[in-house]
Amino acid sequence: KLADILMYWVKPRRQPQPQPTVDSPPEPRIEQPVFEQTYFDVAEALKRLKGNQQLLQKMMGMFHDDFNDTSEKIQELIAYGYYEDAQRLVHKLKGAAMTLEIKELPKIAATLEKVILERNDAKINLIIKVLESVLTPVMQATAVLLPPS
């Protein structure tokens, strides 16, 4: 169902495709072994998206843009006492990670959500460190899918 909803709302833009030249670099592609080593289950994500690799690449790029500085944002929200906002951000991260089949991230985010609800700052900081240990290589992996600046 999720894939159908995403396919409905995230339509690929139909733009004239430039003719490739001999010197043009190849389009980045998701190489399963590399991404699976960096916390992704690409085969499952592609199943969820009915094999649409282009959509998966787009969603991974969006994930990078949306969550690149999430750890810092969470820490800032907690520092100012905005626990509910921090919990919502973590919940959004968890949902996106589940959609993209990022192996450990949904579990860590669920734990962080629970600890935020308890408002235990010491535990929150500890789980944020664990979150960063997974999120950092995920961000490095998704960065290669971003268009050149």
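Model, not experiment: these values are computed from the prediction.

> I'm lost on unusual backbone geometry in this one. Help?
If a residue is not glycine, its phi is most likely negative; likewise, a peptide bond is most likely trans. Positive phi outside glycine occurs at Glu-101, with the angle close to 60°. Glu-101 sits in the buried class, given a relative accessible area of 19%.

> What exactly am I supposed to notice about the packing of aromatic side chains here?
Given two aromatic rings, their pairing is described by the distance between the two centres and the angle made by the two planes. Within this structure, the stated rule accounts for 1 aromatic pair. For the pair Phe-63 and Phe-67, a centre-to-centre distance of 5.0 Å together with 45° between the ring planes defines the contact as tilted. Residue Phe-63 and its partner Phe-67 are located together in helix H4 (residues 53-67), separated by 4 residues, close to a single helical turn. Given a relative accessible area of 2%, Phe-63 falls into the buried group.

> What's the story with the packing of helix H6 (residues 83-99) against helix H7 (residues 105-118) in this structure? I'm lost.
To characterise two packed helices, one gives the angle between the axes of the helices and the distance between these axes. For the pair H6 and H7, the least separation of the axes is 9 Å and the interaxial angle reads 165°. With respect to each other, H6 and H7 are oriented roughly antiparallel. Both H6 and H7 take part in a crossing whose hand is left-handed. For the pair H6 and H7, the contacting residues are Tyr-83, Ala-86, Gln-87, Val-90, His-91, Leu-93, Lys-94, Ala-97 and Met-98 in the first and Leu-105, Pro-106, Ala-109, Ala-110, Leu-112, Glu-113, Ile-116 and Leu-117 in the second. The residue makeup of the contact of H6 with H7, split by class, is 13 nonpolar, 2 polar and 2 charged.

Rules used in this analysis
Residues numbered from 1 in each chain as written. Predicted model: local features only at pLDDT ≥ 70, side-chain atom pairs only at ≥ 80, totals over all residues. Heavy atoms only, no water. Buried < 20%, exposed > 50% of the residue type's maximum accessible area, 1.4 Å probe, protein only. Phe/Tyr/Trp six-rings, centres within 6.5 Å; stacked < 30°, edge-to-face > 60°. Helix = DSSP H or I, 4+ residues; strand = E, 2+ residues; numbered from the N terminus. Axes fitted to C-alpha atoms, helices over the stretch in contact; angles between N-to-C directions. Parallel < 35°, antiparallel > 145°, perpendicular 65-115°, else oblique. Left-handed = near helix turned anticlockwise from the far one by under 90°. Contact = heavy atoms within 4.5 Å. Nonpolar A, V, L, I, M, F, W, Y, C, P; charged D, E, K, R; others polar.

This is a description of form; function is not addressed.
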